[in-house]
Amino acid sequence: MKTLLLHRWPVWLLGLSSLVTYGPVQAEASAEQQRLRLRSLASSCAHCHGTDGHAVEGEALVRLAGMDRDQLLNRLLEFRSGSRPATIMHQITKGYSQEQLEAVAGYFSAQK
């Protein structure tokens, strides 16, 4: 009996119901992919600046976690341009696009 009732539903209504249930799942997966992509970018900084930017206290390296986003972005751009002295950061930052540097700066500023 149930299969007979399905044949009475308009095809567009069946398609709409699948979009309603699939849409939020797809958006959630996309947000998770973006979060993982961002975390992957930031993880390359962990070797020197600690996990999620929490540098070891007493070390010479800068703690990135909680740093002002614009200040961090400006420093990264200065490293990339060569106007800020560095041992290796000028080489590292040249491997990132402007959008990636902005995303990394935002990521670390959000860490507490």
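Higher on the page you've got the structure.
From a predicted model like this one, the values you see are computed outputs, not experimental measurements. (Residues numbered from 1 in each chain as written. Predicted model: local features only at pLDDT ≥ 70, side-chain atom pairs only at ≥ 80, totals over all residues. Heavy atoms only, no water.)

Peer 1: Can you tell me about the overall build of the protein, naming the residues and giving the values?
Peer 2: When helices and strands are counted, the protein shows six helices and zero strands. Mapped from its N terminus to its C terminus, the protein presents α and β elements in the order α-α-α-α-α-α. Partitioning the contacts of the protein with sequence separation of at least 6, the portion at a separation of at least 24 is 50%. Split by element, the accessible area of the protein, about 8100 Å² in all, is 60% carbon and sulfur. (Helix = DSSP H or I, 4+ residues; strand = E, 2+ residues; numbered from the N terminus. Contact = heavy atoms within 4.5 Å. Areas by Shrake-Rupley, 256 points an atom, 1.4 Å probe, with all protein chains shown as cover.)

Peer 1: Just give me the short version of the packing of aromatic side chains, but keep the residues and values in it.
Peer 2: Applying the stated criterion across every chain yields a total of one aromatic pair. Geometrically, the ring pair formed by Tyr 107 and Phe 108 is edge-to-face, given 5.4 Å between the ring centres and 80° between the ring planes. Accessibility expressed as a relative area gives 1% for Phe 108, which makes it buried. (Phe/Tyr/Trp six-rings, centres within 6.5 Å; stacked < 30°, edge-to-face > 60°. Buried < 20%, exposed > 50% of the residue type's maximum accessible area, 1.4 Å probe, protein only.)

Peer 1: For helix 4 (residues 69-81), give the residues involved together with the corresponding values.
Peer 2: Taking 1.5 Å per residue as the helical rise, helix 4 with its 13 residues ought to reach 18 Å, and the 18 Å between its terminal C-alpha atoms agrees with that figure. Restricting attention to buried positions, one finds in helix 4 the residues Leu 72, Leu 73, Leu 76 and Phe 79. The buried residues of helix 4 occupy one face: seen down the axis, they fall within an arc of 120°. Close packing links the buried residues of helix 4 with helix 5 (89-93) and helix 6 (98-110). By the N-cap criterion, in which a side-chain oxygen at the helix start approaches the backbone nitrogen of a residue two or three places on, helix 4 is capped by Asp 68, the distance to Asp 70 being 3.3 Å. (Expected span 1.5 Å × (residues − 1). Arc of directions from axis to C-beta. Polar contact = N/O pair within 3.5 Å; in protein donor to acceptor, adjacent residues only side chain to side chain.)

Keep in mind these numbers describe shape, not what the thing actually does.
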